[in-house]
Amino acid sequence: MKVIKTTFLVTLLLINTLLFSQVGTLSVSVEEQNNELFPIFTYGDEVVMNDEFMRVFYKNKRSEGNPTKQEIEEYVDLYVNFKLKVKEAYAKQLDTGFAFKQELAGYRNQLAKPYLTDKTVTEKLLKQAYERSQQEINAAHLLINCAADAKPVDTLAAYEKIQGLRNRIVNGEDFQTIAFQYSEDPSAKTNSGDLGYFTVFQMIYPFENAAFDTKVGEVSYPIRTRFGYHLVHVKDKRPTQGDIKVAHIAIKYYNPEQVDSTKDRIYAVYEKLQSGENWNDLVKEFSEDFNTNQSEGELGWFNRTTSGIPLEFKDAAYLLTNDGEYSKPIQTKFSWHILKRIEQKKKPTYEESVDFLRKKIERDSRSELNREAVVARIKKENKFVNLAGIDAVKNTFDESLLKGEYTKQQGTDRVLCKIGDREYTDNHFYSYVATNQSRSNQSLDNAITAMYEAFVQRINLDYEEAQLEKKYPDFNLIMKEYRDGILLFELMDKEVWTKAVRDTAGLKAYYAAHQEDFMWKERAKITVYSCKNAKTAKKLKNQISKGKNVSPLIEKWNTDDALAVSVESNTIEKGSKKQFENLPWNVGVHDLAQENERYKFVHVSALLPATAKLLEENMGQATSDYQDYLQLLWIDNLKEKYPVEIYKTNIRRLYSNY
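Since the structure is predicted, the reported quantities are computational estimates derived from the model, not experimental observations.

All right, on to the overall build of the chain then. Each helix and strand in the chain was counted, giving 23 helices and 19 strands. Computed over the C-alpha atoms, the radius of gyration of the chain is 34 Å, more than 25% above the 26 Å expected from 2.2 N^0.38 for a compact globule of 658 residues. Within the chain, the proportion of its 658 residues that are buried is 43%. Sequence separation of at least 24 residues holds for 72% of the intrachain contacts in the chain that already meet a minimum separation of 6. Counting only carbon and sulfur atoms, one obtains 49% of the accessible surface of the chain, whose full area is about 35900 Å².

Below you can see the structure in the form of structure tokens.
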């Protein structure tokens, strides 16, 4: 189905796929077209010049080398259709809607981030994060609660308490005993503060700093986070290993009474592996992880600090030293597993890691260091000046601010500060405070100072962000492309995707007119039986040939031996599956090739003639084809509304110069 909900991510993918991939250069210089501008095509009263066309063409060019005649001409058709749709979107004023403006603002916020960062600070943070990613730390911690806005007297009391506990530990008392008794982290009552192994980005930044800066066997000095004061006891540091990928066979149990019986089953499978039976066949036949048993049991990549994976599972995986090696059965909380190593990655280089690390830093509290550096830079670039400043307003607040109950007061329009030619008055500050206030345990003076500092940071960042289109031509171009892309998506949704789903009468008429495109071939209803030995298979075939119900017999056999018989029923089209390409196409029982010492046969219970598929059986494909049909009709209508003229001679110049 092509009906897609309009979301930030989906629209971004659509734009990147159709036209505006950010891979490649952001612009193509006019010099590359001999410094001459000439028209490529017109649509309605609009014209597309060679510089615009080639800039977008190169951004989406998949192959290396100079553009070919075929590439250029195909892209002309694509770009003509795109420009027609976008023109229609503007004609329908889709750019004036609230949803459009809101989504475009979301894009702009994302695109603005690189322009609002400090490269020097970013590079330092990237290198620090990479170095830390090479280590895993095993630590325990002790917490004394202290709110971020606690009053000085409460902050001092919390600090003195944790410092006293540190002194006891340094003087010989056991860290985890003290943590169990005194830590105000609720989990300490069950784990004595133990955190297991972790690495970069898995703890909040101040805590991470303390862990990486403290030597093995030592206890950090008290560190402050938004939760309070912590002591960090570093128990071990070890090098990280590369991510690993394994496959598994899983036998599940749901209560303690099933542990032994499921253990017998997993060991029966393990014995088959040891005797040389094929891993993939055993996965399909016996694994009860239904998310992976049709994909050879393969799981996603993980490492030794990945959360949500049982420790014993990770330990067993990393004990496998060669690709293809499998483990003995291991038990986790709800399953028995046999693991098979697929691949282990080498640790990535800095260059390979940098994009991932940058995204993590952007979402992490350490990004505040970057923000502070950016604000300092743009204050200077944009000529920020404090005039009356905080002194003009610090005596105009009362205790209501600390309660989060401040009501905006009327200012005197006194100018507090200035950025470029723009002035910010006390009324601007009062509005900011009213919108951003919250309850606080700080002193009133400290709360006002913090508010003013945040206000200054905010107005400087907002001012800089508002200038991006003027300061950076590439940013302006990308924003135009995103704007057009979002409009394209909105219009396609209205004119094609959603329309096709809602137009049930039109869909039925289209389906009936194209019935020959939606046909079943001849089909057979089959059941495949996989048996542990020839004797079992022979008895089953005999019973099935006589028309007997063999389900009770199979159930009895499987009670005695969990691997006795497996059964799979399906309806297949003639020639659709290689496994059955030599199958006699008639009702009856037919032998299949023996696999891994399993005896297999298939029962064809019925043959179904070639027939038309019902619309309900083929709704996805039918709707997709109908959408394509509607789009072609729509493009024809747009070309009538906005006549297109293509300058073929000029198009030849785009590829004949190479």
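On to the pattern of salt bridges, then. Scanning all chains against the criterion turns up 36 salt bridges. The closest approach of N and O atoms between R168 and E173, which form a salt bridge, is 3.0 Å. Its relative accessible area of 29% is what places R168 among the partly exposed residues. Among the residues examined, E173 registers a relative accessible area of 36% and is labelled partly exposed. A single salt-bridge network, built from bridges that share partners, covers R132, E208, D364 and R366.

Here the focus is the packing of helix α19 (residues 504–513) against helix α22 (residues 619–641). Interhelical geometry of α19 versus α22 gives an angle of 95° and a closest axis separation of 10 Å. Classified by the angle between their axes, α19 and α22 sit roughly perpendicular to one another. Touching G506, L507, Y510 and Y511 of α19 are M619, A622, T623, D625, Y626 and Y629, all from α22. Residue composition of the contact of α19 with α22, by class: seven nonpolar, two polar and one charged.

What follows covers helix α20 (residues 534–545). Taking 1.5 Å of rise per residue, the 12 residues of α20 would be expected to cover 16 Å, and the 16 Å separating its terminal C-alpha atoms lies within 8% of that figure. Taken together, the buried positions of α20 are T536, A537, L540 and I544. Projected down its long axis, α20 carries its buried residues within an arc of 95°, all on one side. Those residues of α20 that are exposed and aimed more than 90 degrees away from the buried face are K535, K538 and S545. One side-chain oxygen of the residue at the start of α20 lies 3.3 Å from the amide nitrogen of K535, identifying that residue as N533. G547 occupies a position one or two residues after α20 and carries a positive phi of about 80°.

Right, let's get into the packing of aromatic side chains. In this description, an aromatic ring pair is defined by two values, namely the gap between the centres and the angle between the planes. For the structure on display, the rule yields 32 aromatic pairs. Between F41 and Y79 the ring centres are 6.2 Å apart and the planes differ by 80°, which places this aromatic pair in the edge-to-face class. Taken together, the residues F41 in strand β1 (residues 39–43) and Y79 in helix α3 (residues 69–91) connect sequence positions 38 residues apart. Both residues of the pair, F41 and Y79, belong to the buried class. Cluster of aromatic residues (ring-pair linked, three or more members): F41, Y43, F53, F57, Y58, Y75, Y79 and F82. A cation sits over an aromatic face here: K345 above W301, 4.3 Å from the ring centre. Stacked on the ring of W520, the Lys or Arg R523 has its end atom at 4.4 Å from the ring centre.

Turning to its location among the elements, N50 is positioned in helix α2 (residues 50–60). For N50, a relative accessible area of 1% gives the class buried. Within polar-contact distance, the side chain of N50 engages the backbone nitrogen of F38 at 2.8 Å.

Here we come to the pairing of strand β11 (residues 415–419). In this sheet, β11 lies alongside strand β10 (residues 384–386) in antiparallel orientation, the contact comprising three bridges. Looking at the pairing, N386 lines up with C417 of β11. With four bridges joining them, β11 and strand β12 (residues 422–425) adopt antiparallel strand pairing. For V415, the partnering residue across the bridge sits in β12 and is T425. In textbook terms, the turn of a hairpin is the stretch between consecutive antiparallel strands, and for β11 and β12 this stretch comprises two residues, one of which, G420, has a positive phi near 60°.

Another point: the pairing of strand β16 (residues 588–591). Both faces of the sheet carry side chains from a regular strand, because those side chains alternate between them. Every second residue of β16 is oriented toward a common face, the buried set being G588 and H590 and the non-buried set V589 and D591. Here β16 pairs with strand β17 (residues 599–608) via four bridges, running antiparallel. By the bridge assignment, V589 is partnered in β17 with H603.

Turning our attention to the nonpolar core. Soluble globular proteins: nonpolar side chains tend toward being buried together. In terms of nonpolar packing, the biggest core is built from 46 residues, with I40, F53, I72 and Y79 touching the most fellow members. Among the elements of the structure, β1, α2, α3, α4 (98–112), α18 (473–502), α22 and α23 (648–656) are those that each provide at least two residues to this core. Setting aside anything within four residues of it in sequence, one finds I72 in contact with F53, M54, F57, P67, I651, L654 and Y655. Y406, L416, I459 and Y463 belong to the second-largest nonpolar core, a separate cluster that totals 23 residues.

What follows covers unusual backbone geometry. Non-glycine residue S192 carries a positive phi angle of around 55°. In this model, K383 sits at a positive phi of 60°, which is unusual for a non-glycine residue. Mapped onto the secondary structure, K383 falls in the loop between α14 (367–381) and β10.

Overall, antiparallel pairing links the three strands, which are arranged β10-β11-β12 in an open sheet. Every interior strand has two partners, whereas the edge strands, β10 and β12, have only one. Averaged over all pairs of adjacent strands, the angle between their axes in this sheet comes to 20°, without regard to strand direction. The sheet strands contacting helix α15 (residues 426–436) are β11 and β12, and the helix crosses β12 at an angle near 60°. Of the strands in this sheet, β10, β11 and β12 are in contact with helix α16 (residues 444–466), which crosses β11 at around 30°.

This next bit is on the confidence of the model for the chain. On average, residues of the chain carry a pLDDT of 89, and 94% of them reach 70 or more. The low-confidence segment residues 1–33, where pLDDT is below 50, has 87 contacts with residues more than four positions distant or belonging to other chains.

Let's shift gears to the environment of K577. The topology assignment puts K577 in the loop between β15 (565–573) and β16. We classify K577 as partly exposed; its relative accessible area is 38%. Once residues within four sequence positions are removed from consideration, K577 is found in contact with N570 and I572.

Relative orientation of the contacting elements α3 and α22 amounts to 75°, with a least axis distance of 10 Å. Classified by the interaxial angle, the pair formed by α3 and α22 is roughly perpendicular. On the side of α3, the interface is formed by V80, N81, L84, K85 and E88, while α22 contributes Q631, W634, I635, L638, K639 and K641. When the residues that make up the contact of α3 with α22 are grouped by side-chain class, the tally is five nonpolar, two polar and four charged.

Analysis parameters
Residues numbered from 1 in each chain as written. Predicted model: local features only at pLDDT ≥ 70, side-chain atom pairs only at ≥ 80, totals over all residues. Heavy atoms only, no water. Helix = DSSP H or I, 4+ residues; strand = E, 2+ residues; numbered from the N terminus. Rg over C-alpha atoms; globule rule 2.2 N^0.38 Å. Buried < 20%, exposed > 50% of the residue type's maximum accessible area, 1.4 Å probe, protein only. Contact = heavy atoms within 4.5 Å. Areas by Shrake-Rupley, 256 points an atom, 1.4 Å probe, with all protein chains shown as cover. Salt bridge = Lys/Arg side-chain N within 4 Å of Asp/Glu carboxyl O. Axes fitted to C-alpha atoms, helices over the stretch in contact; angles between N-to-C directions. Parallel < 35°, antiparallel > 145°, perpendicular 65-115°, else oblique. Nonpolar A, V, L, I, M, F, W, Y, C, P; charged D, E, K, R; others polar. Expected span 1.5 Å × (residues − 1). Arc of directions from axis to C-beta. Polar contact = N/O pair within 3.5 Å; in protein donor to acceptor, adjacent residues only side chain to side chain. Phe/Tyr/Trp six-rings, centres within 6.5 Å; stacked < 30°, edge-to-face > 60°. Lys NZ or Arg CZ within 6 Å of the ring centre and 35° of its normal. Pairing = 2+ DSSP bridges. Core = buried A, V, L, I, M, F, W, Y, C linked by side-chain atoms within 4.5 Å. pLDDT = per-residue confidence, 0-100.

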